[in-house]
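# Analysis of the macromolecular model
Next come the chains, spelled out residue by residue.
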Amino acid sequence: MNNTKKVPLWRKTVYGLGTGGGNIFSQIGSAFLLSYYTDTALMGAAAIGTMFVVCRVFDGVSDLLMGAVVDSTHTKWGKARPWLILSGPLTFLGIVLLMHVPISMGASAKLIYAYATYIFMSVVVYTIFGIANTAMLPLMTCDPQDSTLLATFSAVGNNVIGLIAGVLILISGLVNKEIADDDGEMEGGPKANEPTLAQQFPSVMKNRYFWLLLLIGVFSLLMNANAIAAQTYYCSVVLGKAMFMSVLMVAGQFPGIIILLLMPVISERWSKQVFLGIGAVLLIIGFVICGLAGTNTTLVTVGVVIRSLGAGPLLSAVFALVPDVVEYGNWKYGIRSEGLISSAQSIGSKIGMGFGSGMAAWILAAAGYDATLEVQSAATASAIQFDYTYMGAIFGVIILVLVLLTNVEKYRPQIEADMAAKQ
């Protein structure tokens, strides 16, 4: 808490690039993977939806384990940084395997291949990257304003996806350094008074803000992944304009980037909680406008733009809250655990991403979607339209309630005062 060193701008930029590289998988998984499986690999939507959800069971365990691994890692490069470097080449390998389902295989063989490659990419590779990258935030700086800036760069990088994901992660891991002592030197081994995993785990489980971060991550990614997965089918089936998806993708990205660039200025006026609350309200408004638009593409685009402005804070301010939750846990229970608390965002994001894509797939299957038909039924079109619009508004309301409960920032002045007194 007493280390006030600022992270240079160029390192913030590199951190954002690394986030963009790593999250190329989340973009592929949300936007294209379901349609690739159903329309290209010709696999059943219900089976794929179940696969997305089943993998989340393994994800929850792997995230907690990886958080513990980061906390117990002690090298001259730091705690999280070595794992960030490792995730670079693994990301490249995982994405190549994921998007090359052998079409000549039978249905059962294709499903087995999909399970194996998706578990490898989601449970292993993305877990290593997600935990390490998020844990870097409280390990790079203790300054709350600097944490917000780092989270902003991270969120912008998440939207401006790089072409070579592994290289970007590798650069971030090689260049960035963690803070350790006041002299800036990293230690190769654990400190004598460092808490064990058996001490860290109960304190993290008692930290209510850990659970709120996890739930915000769940419903934010559930909303986002479900909408993006349904977008391909919404454009082709409901609007009858498959190529209009490119317009909606742009409308869903750039407004969010703009609001993220304003995050440092906004954070000086409002708390992260207020910023997140405004984002949740904009999400609700945007989804409702899309629902009322019918087949009016102009109104749909307006709704998506508003929705994007609301999603921006959820990609930035939530990550910026991680250092606050780390410091709260240290202050409240006397245990500091960057890795395990960082796993809240990773666990929540993966659960949301899996269930979001799975939900879209299940709705398609329940509504009778058939990729071999040129024209889908009216019932199928109605189900897709509801899923893409009003379902997101429902999730937005849940997110708003969770945000209102996440008031961890109010403890920051007391935490800093108590820490100063101890010093």
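Whatever comes next refers back to the structure up there.
Since this is a predicted model, take the numbers as computed values, not measurements.

Turning to the overall build of the protein chain, a few remarks are in order. Summing up its helical and strand segments, the protein chain has 20 helices and 0 strands in all. Nonlocal contacts in the protein chain, meaning residues at least 24 apart in sequence, comprise 85% of its contacts between residues at least 6 apart. For the protein chain, the accessible area works out to roughly 16800 Å², and carbon and sulfur atoms hold 70% of it.

As for its placement among the helices and strands, Thr-406 is situated in the loop between helix H19 (390-405) and helix H20 (412-422). A polar contact is formed between the side chain of Thr-406 and the backbone oxygen of Leu-402, at a distance of 2.9 Å. In this structure, Thr-406 is in contact with Tyr-209, Leu-212, Ile-216, Gln-273 and Leu-321, ignoring residues within four places of it in sequence.

For helix H3 (residues 33-40), a buried count of 6 out of 8 residues is recorded, marking the element as mostly surrounded by other parts of the structure. Of all the positions in H3, only Leu-33, Leu-34, Ser-35, Tyr-36, Tyr-37 and Thr-38 are classed as buried. The positive-phi residue at the C-terminal boundary of H3 is Leu-42, with phi of around 55°.

A contiguous nonpolar patch, built from Phe-92, Leu-93, Val-96 and Leu-97 and spanning about 350 Å² of accessible area, is present on the exposed surface. Secondary-structure assignment places Val-96 in helix H5 (residues 81-98).

Each value, and the rule that gives it
- Residues numbered from 1 in each chain as written.
- Predicted model: local features only at pLDDT ≥ 70, side-chain atom pairs only at ≥ 80, totals over all residues.
- Heavy atoms only, no water.
- Helix = DSSP H or I, 4+ residues; strand = E, 2+ residues; numbered from the N terminus.
- Contact = heavy atoms within 4.5 Å.
- Areas by Shrake-Rupley, 256 points an atom, 1.4 Å probe, with all protein chains shown as cover.
- Polar contact = N/O pair within 3.5 Å; in protein donor to acceptor, adjacent residues only side chain to side chain.
- Buried < 20%, exposed > 50% of the residue type's maximum accessible area, 1.4 Å probe, protein only.
- Patch = residues over 30% accessible without salt bridge, like charges linked within 9 Å, V, L, I, M, F, W, Y side chains within 5 Å.
- Salt bridge = Lys/Arg side-chain N within 4 Å of Asp/Glu carboxyl O.

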